[in-house]
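An overview of the molecular structure
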Amino acid sequence: MKTYTKSNELLERELKVSPLAAQTFSKSYRYFCKGISPAYIDHAKGCRVYDVDGNEFIDFICALGPITVGYNDDRINTAVKEQLDKGASFSLQSPIEVELAEKICRIIPCAEMVRFVKNGGDATTAAIRLARAYTGKEMVLMSGYHGMHDWSIGASNNNKGVPQAVCNLTKNFIYNDLTDIEEKLNTYKDKVAAVILEPIQADGPKEGYLQTLKDLVHKHNAILIFDEVVSGFRYALGGASELYKVTPDLAAFGKGMGNGYAISAVAGKKELMRQIETGVFISTTFGGDALSMAAALATIKVLEQPGFYDSIWKLGNKMHTGLKQLATKYGLEKVITVSGLAPHCGLSFDGTGSLSYLDIHSVYSQVMIENGILVFAICNLNGAHTEKEIDLYLDATEKAFALIKKAIEQDSLTGILKGGKVDPVFKRNIR
Ligand SMILES: Cc1ncc(COP(=O)(O)O)c(C=O)c1O
């Protein structure tokens, strides 16, 4: 039986000095069953992580997306160590920056020029600023999550602390619904600078959606921005724009490009990007950090290898099919939805009877952890996962589904939950 003594001790210490005991909301202990789940990882290799108590897990979170090749990969470590011997940050540019910029411009369809920053939110914010400067307009229409900056979080339910005037400048639109975006472009006619979206959400774009969206956005003299922070480097080397053959004006990348090293980028058309030379302020001290750039170059080299993405899609499809079969086998279709495209697929939960969606999720999370699988709900795959890990994931899921069925039949969690419940920092609307 797994124990979490060190994790629990560290958690109690950190809760006194760091809000939520996490630097990233989605890594908070609250996303797992408290007391019976790990809270701190000591080290990782490939697709396995080892917590501070010595427990081993197969990881399907991949650090919330950044791990594309695999944790602690020797090829990437070697590249980073070589750069480390030269230094990490300098008073002028390092040559590696030229190499990476040229590489990005070769592999990303919209990239005529690129600017490197650190987090995904830096990149999306840079794209919005470029679009506003270029069009001379201020409003933004968005679909998806784009980071913590005022312009985007202001339009969410989590907008405490964002000035109302800023909130008013961004409106949400519904993904895969052309009528909705067209109505919004008409409602805010001549005011919209940019339309930004995660190009792959849920089960992906409907046939023709992205191209028609692009045409509409351009008809309204606005800039189309793909937020590829999740989709970039995960579904295909050139992201969603390669996959669906629709090239936006600008795109933002982050997460998967450095296999866990902190690097992100805004890329796009020259006429937009060149505004950085004439007064659009996009600049960070660590934008040219050479260690992350070495990691990104080495990561891309692995991702470029023939068959890399075929394998990720194959494994993801096996996972998706297996999940669907299990949901049917246990008669859970009403409380468990399988969604997502292969490289980023998984589950969402609904409540039933007196059980809430979080009750159902808690049973799932408990069983997965007990069986050595670290997962939230939607999985990310990396280059180190194989059929064996997918089989182990599906075996654990079957056990979880059996216990969920039991909980539903008895309409309570009595005798089922052994620790705390999953309690996300941000809760979705209860269904
Ligand atoms: C689609 C998308 N865009 C932007 C961001 C923000 O990235 P970061 O947290 O690195 O700032 C995220 C983070 O989850 C994301 O999922």
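Small disclaimer: the values here were computed from a predicted structure and weren't measured. (Residues numbered from 1 in each chain as written. Predicted model: local features only at pLDDT ≥ 70, side-chain atom pairs only at ≥ 80, totals over all residues. Heavy atoms only, no water.)

The next subject is empty space enclosed by the protein. Taken as a whole and assessed by the stated rule, the structure comprises two cavities of 30 Å³ or more. Roughly 60 Å³ of internal volume is contained in the largest cavity. Taken together, the residues of the lining of the largest cavity break down into six nonpolar, three polar and one charged. For the second largest cavity, the calculated volume is near 40 Å³. (1 Å grid on protein atoms, 1.4 Å probe; cavity = no way out; pocket = protein on both sides within 12 Å on 5 of 7 lines; lining within 4 Å. Points joined across faces, edges and corners; volume = space filled by probe spheres on them. Nonpolar A, V, L, I, M, F, W, Y, C, P; charged D, E, K, R; others polar.)

A few words on the site of the ligand. Near the ligand the following residues occur: Asn 119, Gly 120, Gly 121, Tyr 145, His 146, Gly 147, Glu 198, Asp 227, Val 229, Val 230 and Lys 255. Within the backbone of Gly 120, a nitrogen or oxygen atom sits 2.8 Å from an oxygen atom of the ligand. The separation between an oxygen atom of the ligand and a polar side-chain atom of Lys 255 is 3.0 Å. Looking at the shell around the ligand, its residues break down into three nonpolar, five polar and three charged. (Near = heavy atom within 4 Å. Polar contact = N/O pair within 3.5 Å; in protein donor to acceptor, adjacent residues only side chain to side chain.)

Turning next to the nonpolar core. Formed by 94 residues in total, the largest nonpolar core has its most connected members in Phe 60, Ile 104, Phe 233, Tyr 364, Tyr 393 and Phe 401. Here this core gets eleven residues from one element, more than from any other, and that element is helix 11 (residues 290-303). For this core, the two domains that each supply at least three residues are domain 1 (5-71 + 307-410) and domain 2 (89-288). In this structure, Phe 233 is in contact with Thr 68, Ile 104, Ile 107, Ile 108, Gly 239, Phe 253, Gly 256, Met 257, Ile 300, Leu 303 and Tyr 309, ignoring residues within four places of it in sequence. (Core = buried A, V, L, I, M, F, W, Y, C linked by side-chain atoms within 4.5 Å. Buried < 20%, exposed > 50% of the residue type's maximum accessible area, 1.4 Å probe, protein only. Helix = DSSP H or I, 4+ residues; strand = E, 2+ residues; numbered from the N terminus. Domains from an automatic or database assignment. Contact = heavy atoms within 4.5 Å.)

Quick look at the domain arrangement of the chain now. Annotation of the chain at the domain level lists domain 1 (5-71 + 307-410) and domain 2 (89-288). One C-alpha centre belongs to domain 1, the other to domain 2; they are set 29 Å apart. Taken together, the contact between domain 1 and domain 2 spans 18 residues of the former and 16 residues of the latter. When domain 1 packs against domain 2, close to 1400 Å² is buried across both sides, 52% of that on carbon and sulfur atoms. On the surface where domain 1 and domain 2 come into contact, there are zero salt bridges. Summed over the shared surface of domain 1 and domain 2, the number is eleven residue pairs in polar contact (both at pLDDT 80 or more). Here the side of domain 1 that touches domain 2 gets three residues from one element, more than from any other, and that element is helix 12 (residues 308-329). (Buried area = accessible area lost by both parts, 1.4 Å probe. Salt bridge = Lys/Arg side-chain N within 4 Å of Asp/Glu carboxyl O.)

Within the structure shown, the criterion is met by zero disulfides. With no disulfide of its own, Cys 47 lies 8.1 Å from the sulfur of Cys 62, the closest cysteine sulfur. Classification of Cys 47 as buried rests on a relative accessible area of 3%. Here Cys 105 stays free of any disulfide, with the sulfur of Cys 110 as its closest cysteine sulfur at 9.1 Å. (Disulfide = S-S within 2.5 Å.)

Reported here for the second largest pocket is a volume of approximately 610 Å³. Considering the residues around the second largest pocket, the lining is formed by 29 residues, among which Gln 93, Glu 97, Arg 115, Phe 116 and Gly 288 are closest to the centre. Mapped onto the lining of the second largest pocket, the elements with two or more residues apiece are helix 3 (95-107), strand 4 (113-117) and helix 11. Ranked by residues supplied to the lining of the second largest pocket, first place goes to strand 4 with five residues.

Here we take up the sheet that holds strand 3 (residues 56-59). Taken together, the four strands give an open sheet; going across it, the order is 1-2-3-13, and neighbouring strands pair in mixed fashion. Each edge of the open sheet is held by one strand with a lone partner, namely strand 1 (41-45) and strand 13 (373-374). Across three bridges, strand 2 (residues 48-51) lies against strand 3 in antiparallel orientation. Within strand 3, the residue paired with Val 49 across the bridge is Phe 57. (Pairing = 2+ DSSP bridges.)

Turning our attention to the sheet that holds strand 9 (residues 250-253). With mixed pairing, seven strands are arranged side by side in an open sheet as 4-10-9-8-7-5-6. If you trace the sheet from one side to the other, it starts and ends with strand 4 and strand 6 (170-172), each paired once. Here the average twist between neighbouring strands, direction ignored, is 20°. Alignment of strand 8 (residues 223-227) against strand 9, held across three bridges, turns out to be parallel. Bridging from a neighbouring strand, Asp 227 pairs with Ala 252 of strand 9. Against the sheet, helix 8 (residues 209-219) contacts strand 7 (192-197) and strand 8, and its axis sits at roughly 145° relative to strand 8. (Axes fitted to C-alpha atoms, helices over the stretch in contact; angles between N-to-C directions.)

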